[in-house]
Number of protein chains: 2
Amino acid sequence: MHRTHSCGELRATDINKTVTLSGWLQTSRDLGGMTFIDLRDRYGITQLVFNMETDAALCEKARKLGREFVLKIEGTVAERYNKNAQMATGDVEIIVSSLTVLNESKTPPFTIEDDTDGGDDLRMRYRYLDLRRNVVRESLMLRHKMAKVSRAYLDSLDFIEVETPVLIKSTPEGARDFVVPSRMNPGQFYALPQSPQTFKQLLMVAGFDRYYQIVKCFRDEDLRADRQPEFTQIDCEMSFIEQEDILNAFEGLVRILFKEVLGIDMPSVPHMDYADAMKWYGSDKPDTRFDMKFVELNDIVKGQGFPVFDNAELVVGICAKGAAEYTRKQLDELTDYVKRPQIGATGLVYARVNADGTIKSSVDKFYNEEQLKRWADAFGAEPGDLILVLAGGTDKTRKALNELRLEMGNRLGLRPKDKFSALWVVDFPLLEYNENDGRFYAMHHPFTSPKPEDLYLLEDEIESPVAKAIADELAVVETEPSTGSEKIITQAEYNYMNLGKIRANAYDLVINGVEIGGGSIRIHDRELQAKMFGILGFTPEEAQAQFGFLMNAFEYGAPPHGGLAFGFDRLCSLFGGADHIRDYIAFPKNNAGRDVMIDAPSAIDDKQLKELAISVTV
Amino acid sequence: MHRTHSCGELRATDINKTVTLSGWLQTSRDLGGMTFIDLRDRYGITQLVFNMETDAALCEKARKLGREFVLKIEGTVAERYNKNAQMATGDVEIIVSSLTVLNESKTPPFTIEDDTDGGDDLRMRYRYLDLRRNVVRESLMLRHKMAKVSRAYLDSLDFIEVETPVLIKSTPEGARDFVVPSRMNPGQFYALPQSPQTFKQLLMVAGFDRYYQIVKCFRDEDLRADRQPEFTQIDCEMSFIEQEDILNAFEGLVRILFKEVLGIDMPSVPHMDYADAMKWYGSDKPDTRFDMKFVELNDIVKGQGFPVFDNAELVVGICAKGAAEYTRKQLDELTDYVKRPQIGATGLVYARVNADGTIKSSVDKFYNEEQLKRWADAFGAEPGDLILVLAGGTDKTRKALNELRLEMGNRLGLRPKDKFSALWVVDFPLLEYNENDGRFYAMHHPFTSPKPEDLYLLEDEIESPVAKAIADELAVVETEPSTGSEKIITQAEYNYMNLGKIRANAYDLVINGVEIGGGSIRIHDRELQAKMFGILGFTPEEAQAQFGFLMNAFEYGAPPHGGLAFGFDRLCSLFGGADHIRDYIAFPKNNAGRDVMIDAPSAIDDKQLKELAISVTV
């Protein structure tokens, strides 16, 4: 061992001990007669002292050392003259008696400090130096602790960690797979798992009862700032449970993580229906660190001659407490903000509640003081508050107002990184209609179970008074929710669109407006699963070819089961208060999917291609 | 929750409680007036009772249930009439009051019992049913416990778990890589890691000090029974350490695993030089559960006119205690065994030490009683022992005798699965010469450090008396070790072959003759690493292109470091007493690399191929 102690270990009680330390030269200060070196390792920093008077040769040697040199020293622990209360080792220093340079270092391309002068690209190219910085190392140590606490908790609940395979089968449903050509099976490919979904369900069929894994998953998607082609999930599944049991078990995990990692006592996590989340926050992942709930104004504002509101399907607003002082310029900024193409509102109506209780709005031409008072009442607005209102199709307007709400939250400082608010969003729709493709997709995934009380909507003929009326006339006028336009539909279309109303036993955990993960109670019945694949556009043959193993398994005594997965990278970055999951990944890829440090991906040998029976078509 | 208790939980203290259980129908016995069902889950089995007298309808319903049906029952815990001491729940039974069939089951294709009637192929196709068998589930629970104990131990030593990337860069050195075409970088490929080797070394350069990971690795090799294309390693690396520190740390891991998983107090693990292992056991992974060490006989047997021994480079044997009774037929079997092509001996010489101390050998024509006594003395053979001797080139003969020793160990019952003997084999050669390619390969990997005392052998001119003599004459006669033939070599050749004498700071852990894993102290100096790549046949440009990131990192203050990796699948199977690692993998591949359950690998869509810019050339 090249040391007797780490650089973070020595205290006043060690004074006069002879010690050996190894580490990196963090800084060096030459004060003429004496030279001080801060020696750094993972555990801390210890000050080394070299004295011209007692050993000139050694001191001269020390002076020639550069930053990041790797040193091994022997010396005696001494009391420090200028104690440093900021450092755990600040009471002592080492009077060095021998010095070995274990390795030299070129001058690093950026400073190894919390606030480094290195840009993103440079730091990623030299990630091994970036990882030397305390902030980065601490991020990865937090990740280690998160995994450790998670495992201990799940172990305590009798979950078994099972490794599922990485080389599996490609399925066209969902995101793009990464594939791996098989040399031994020419022309065939493995796929890397987007999640261990089907395997964990098979483990439930196998009677494993409670499974977990902290596992790498892969998605070949075009990358955004917070997406990585490989990412890590805390992946779990349980048998003989209902939705409440899963929510309770994983609320427990979240709370113990907050307690043990951040020292925070998390209150119990409230549940919110998907429908309510959309109505109150315009989002299925509301940031509940602050209130500012949506208030729908249709009943109050319509019929006063303001065509924008009169023609809108939905008029809805938020009340920003204490923002009445916003200047014209600030309000124009907000208007520009909501009119950006990615937000897509056509305009912004505001109403200031002045200190004297009077209200000044941008639509004074259409609404008098008394009418505006009713607005204020609807929001519970008080003097000093600012009401912001959008109007249009329901879905689009809610989406835009969600963005405006978050923006106001930022501007008003209501989203601090050290405050945490968690929420279960439950009762998600089972299916999501895609206008472009004219078909439904699974909102969660094809294995999610419909709520039993909504199963009737899966039947071919809806037995309801409305449906009967339709059946008689063979067609009905239906309003298109997002635009408000009307169209004539047939019975078959009506039945089909009813699928969109089915709710699932599906749930998401949302913390601070970030979707940490989610899950569902699964289908465990072959017939229902086959029906679901049919709805999702699989022919029976396709369903059997791709998921036959799972449907067959359901015929051999599949228990009721369900589970969830948390995005571990995102959970870590949330706990660490970071904006990017990249900071919590030791060797991340950039937005082009490249590891710029090792320069991957790269071309491979023709020999490899030939063995794999593939060729490149670029 | 579909249960109040598990099927392994109820005891006599629970009698009279009303409970709900869920699980699988293991067996059903219809005794006329009463029907008994064994209900099984992961935790155990509980007996259910249905009585025709008290509830005929319920009892009739119970009688119609088949094996592996999934049931939920309510009932009252009662004292069992025929108590079963073999079962944890054997004191009680449940008088069932209500029965729900949660799911039906077709008749499984094989019985869900420890001794199943299902063949390998069938069990793999229905792996989810195979996993229901106690023996298989317990194997995977043992694996879970092994991982848990390993993590706890490494955590306690301040190792940090860091996830290294799965999508990395292909390198031609070593085994074949699995590769992954990159859609975003057309014509380029990621590779799946054969180990996280370079990344863990970079973590040491980054100052992480102690790293571990239980991690999937991938090798596209032709598969044998105990190989899988994806496998799991306990992967570790430490800084500022020497070989002894690593051996101590991981001996600690092995001992705590034996203690906590098997309840075995493992003695401290002895160290054996590679050279001694080869000399005494003819193997770098000797099974030390039994002694039967090799004894070299050259000095004793040569010059007595037996040409086979006289012409052999090495005459070497073993002494099988108590096997003198072996019949002629058994000895012929052994002779056939060693003459098999994969063993390759040309014959087998034996000598029986009879009860009266006389010795009967197969070479009595050449060796008299007195000479054979000297054989017996060399082995310390006693009456009743059997001496078995092979002769030929050193390497080949040792290899063959190793096989014979293991075979005798099997025949004499000296290799029981519940006895464990561990060993560190140390001081491996750095390089291994391949006759076919006429070049050296890294015995461990290219990052392994030579022993400092052998570094001189890397110099271009060996400064030794022998070398000087050669230098004068420019050529020398050298004996080829394996065949004993002589050839004339040049100074350059002599220098080159000297590389084979360099020993490495490399070590393997061997338990019961199985290589569990190994590691080495690494090179941390750019120049030495570059030289090593040169010896391994890389041009400087190739070395820079493939491993430039690592060599560059060594220029920025790389600490002395080293580590190891244990094969986790193999370690688990060893602990569990199994022959195949497959038994300890939840969803293994077969020898053709196929998952027959999900039918992977498989063809993928043309659309996928096109997006990935590749085509299939089958």
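Residues numbered from 1 in each chain as written. Chains lettered and ligands numbered in written order. Predicted model: local features only at pLDDT ≥ 70, side-chain atom pairs only at ≥ 80, totals over all residues. Heavy atoms only, no water.

Residues and elements named next belong to chain A. Along helix α11 (residues 369-379), the positions that sit buried rather than exposed are Q371, L372, W375, A376 and F379. Down the axis, α11 shows its buried residues gathered within 150° of arc, on one side only. For α11, exposure combined with an orientation more than 90 degrees from the buried face picks out E370 and D377. Immediately beyond the C-terminal end of α11, within one or two residues, lies G380, with a positive phi of roughly 65°. (Buried < 20%, exposed > 50% of the residue type's maximum accessible area, 1.4 Å probe, protein only. Helix = DSSP H or I, 4+ residues; strand = E, 2+ residues; numbered from the N terminus. Arc of directions from axis to C-beta.)

The next subject is the pairing of strand β2 (residues 34-41) of chain B. All names here are of chain B. Along β2, 7 of the 8 residues are buried, which leaves the element largely enclosed by surrounding structure. The pairing of strand β1 (residues 18-30) with β2 spans 6 bridges and is antiparallel. The residue of β2 that forms the bridge with S28 is I37. If you look at the hairpin formed by β1 and β2, you'll find 3 residues sitting between the two strands, and G32 has a positive phi there, around 80°. Where β2 folds back on strand β3 (residues 44-51), the antiparallel hairpin that results is connected by 2 residues. (Pairing = 2+ DSSP bridges.)

Facing the 125 residues of chain A at the interface are 125 residues of chain B. Interface area lost by chain A to chain B is led by A:E163, A:F240 and A:Y556, which between them contribute 8%. Where chain A touches chain B, the interface holds 14 salt bridges. Across the pair A:E161 and B:R151 runs a salt bridge whose closest N-O atoms are separated by 3.0 Å. A class-by-class count of the residues in the side of chain A that touches chain B yields 67 nonpolar, 25 polar and 33 charged. Summarising the sheet, strand β25 (residues 614-616) of chain A and strand β25 (residues 614-616) of chain B pair through 3 bridges and their orientation is antiparallel. If you follow A:S615 over to β25(B), its bridge partner there is B:S615. (Contact = heavy atoms within 4.5 Å. Buried area = accessible area lost by both parts, 1.4 Å probe. Salt bridge = Lys/Arg side-chain N within 4 Å of Asp/Glu carboxyl O. Nonpolar A, V, L, I, M, F, W, Y, C, P; charged D, E, K, R; others polar.)

Attention shifts here to the packing of aromatic side chains. For any pair of aromatic rings, the description rests on two quantities: the centre-to-centre distance and the angle between the ring planes. Taken as a whole and assessed by the stated rule, the structure comprises 48 aromatic pairs over all chains. On the numbers, 6.1 Å between centres and 85° between planes, the contact of A:F178 with B:Y190 is edge-to-face. Of this pair, A:F178 sits in the loop between β6 (160-161) and β7 (179-181) while B:Y190 sits in strand β8 (residues 189-191), each in a different chain. On the basis of relative accessible area, B:Y190 is assigned to the buried category, the value being 2%. These aromatic residues form a ring-pair network of at least three members: A:F306, A:F309, A:F366, A:Y367 and A:W375. Directly above the ring of B:Y441 sits B:R439, whose terminal nitrogen or CZ lies 3.7 Å from the centroid. (Phe/Tyr/Trp six-rings, centres within 6.5 Å; stacked < 30°, edge-to-face > 60°. Lys NZ or Arg CZ within 6 Å of the ring centre and 35° of its normal.)

The next subject is the pattern of salt bridges. Residue and element names in this part refer to chain A. A full pass over the atoms with the stated rule returns 90 salt bridges over all chains. With a shortest N-O distance of 2.8 Å, D120 and R123 are connected by a salt bridge. Of this pair, D120 and R123 both sit in helix α2 (residues 120-125), 3 residues apart, which is roughly one turn of the helix. Looking at R123, the relative accessible area reads 13%, which means it is buried.

This part takes up the nonpolar core. Counting 60 residues, the largest nonpolar core has A:Y128 and B:F208 as its most contacted members. The element that contributes the greatest number of residues to this core is helix α16 (residues 540-553) of chain B, accounting for 6 residues. Contacts of B:F208, omitting those with residues within four sequence positions, involve A:R42, A:L131, A:R137, A:L140, B:I160, B:V162 and B:L203. A:I160, A:L202, A:I502 and A:A506 belong to the second largest nonpolar core, which has 59 residues in total. (Core = buried A, V, L, I, M, F, W, Y, C linked by side-chain atoms within 4.5 Å.)

In terms of domain boundaries, chain A breaks down into domain 1 (12-103), domain 2 (136-270 + 565-610), domain 3 (290-415) and domain 4 (425-458 + 492-559). A straight line from the C-alpha centre of domain 1 of chain A to that of domain 4 of chain A covers 64 Å. (Domains from an automatic or database assignment.)

Consecutive side chains along a regular strand alternate between the two faces of the sheet. Residues and elements named next belong to chain B. Taking burial as the measure, the 9 residues of strand β9 (residues 210-218) include 9 buried ones, the bulk of the element. Residue alternation in β9 divides its side chains into two sets, R210, Y212, I214, K216 and F218 and Y211, Q213, V215 and C217, and both sets are buried. Of the strand pairs in this sheet, strand β6 (residues 160-161) and β9 are connected by 2 bridges, and their pairing is parallel. Residue pairing for β9: I160 is matched across the bridge by Y211. As judged from the 9 bridges shared by β9 and strand β10 (residues 230-239), these two strands associate in the antiparallel manner. Pairing of I214 across the sheet is with I234, part of β10.

Let us now look at helix α10 (residues 328-339) of chain A. Each α-helix turn comprises 3.6 residues. Residues three or four places apart therefore point the same way. All names here are of chain A. With 12 residues, α10 extends 16 Å between its outermost C-alpha atoms, agreeing within 8% with the 16 Å of an ideal straight helix rising 1.5 Å per residue. Inspection of α10 places L331, L334, T335, Y337 and V338 among the buried residues, and these make up the whole buried set. Along the axis of α10, the buried positions cluster into a sector of 160°, meaning they face one direction only. Along α10, exposed side chains directed more than 90 degrees from the buried face belong to R328, K329 and D336. Buried residues along α10 sit in contact with β14 (349-353), β16 (386-392) and α12 (394-411). (Expected span 1.5 Å × (residues − 1).)

Below, the discussion takes up the side chain of B:D235. Residues and elements named next belong to chain B. Mapped onto the secondary structure, D235 falls in strand β10. Among the polar contacts listed, one links the side chain of D235 to the side chain of Y211, at a separation of 2.8 Å. Within the structure, D235 has its side chain in polar contact with the side chain of Q233 (distance 3.4 Å). Among residues more than four places away in sequence, those in contact with D235 are P196, K200, Y211, Y212, Q213, V215, L564 and A565. (Polar contact = N/O pair within 3.5 Å; in protein donor to acceptor, adjacent residues only side chain to side chain.)

Residues and elements named next belong to chain B. Relative to the helices and strands, H5 resides in the segment before β1. As for H5 and G577, which are separated by 572 residues in sequence, their C-alpha atoms are 32 Å apart. Dropping the residues within four chain positions of it, H5 is found in contact with L10, V19, T20 and L21. Looking at H5, its side chain comes within polar contact range of the side chain of T4, at 2.8 Å.

Another aspect to go through is the sheet that holds β14(A). Residue and element names in this part refer to chain A. Strand order in the open sheet made by the 5 strands is β12-β13-β16-β14-β15, with antiparallel pairing throughout. This sheet does not close on itself; its edge strands, each paired only once, are β12 (295-296) and β15 (359-361). Across 7 bridges, the pairing between strand β13 (residues 314-320) and β16 is antiparallel. Its bridge partner lying in β16, L314 is registered against G392.

Moving on to the relation of the copies chain A and chain B. Under the fitted operation, chain A is carried onto chain B by 0.0 Å of movement along the axis and a turn of 180°, and the coordinates agree to an RMSD of 0.1 Å. Between the two chains, the operation in question is that of a two-fold axis. A share of 99% of the interface residues of chain A reappears at the interface of chain B, consistent with the copies meeting face to face through the same patch. (Least-squares fit on C-alpha atoms with pLDDT ≥ 70 in both.)

The next subject is the sheet that holds strand β24 (residues 561-567) of chain A. Residues and elements named next belong to chain A. A sheet is described by the order of its strands in space; here 8 strands give the open sequence β6-β9-β10-β24-β23-β22-β17-β11, paired in mixed fashion. Edge positions in the sheet fall to β6 and β11 (271-273), since each has one partner strand and no second. Note that strand β17 (residues 422-426) and strand β22 (residues 506-511) share 5 bridges and pair antiparallel. Across the sheet, residue W424 finds its bridge partner in β22, namely L509. Each of β9 (210-218), β10 (230-239) and β24 is contacted by helix α5 (residues 197-205), which is oriented at about 20° to β10, the strand it contacts most. Helix α7 (residues 274-281) contacts β11 and β17 of the sheet and is inclined by roughly 80° relative to β11. (Axes fitted to C-alpha atoms, helices over the stretch in contact; angles between N-to-C directions.)

All right, on to the side chain of A:R183 then. Of note, A:R183 is situated in the loop between β7 and β8 (189-191). Exposure remark for A:R183: the relative accessible area of 13% places this residue in the buried category. In terms of polar contacts, A:R183 uses its side chain to reach the side chain of B:D222, at 3.2 Å.

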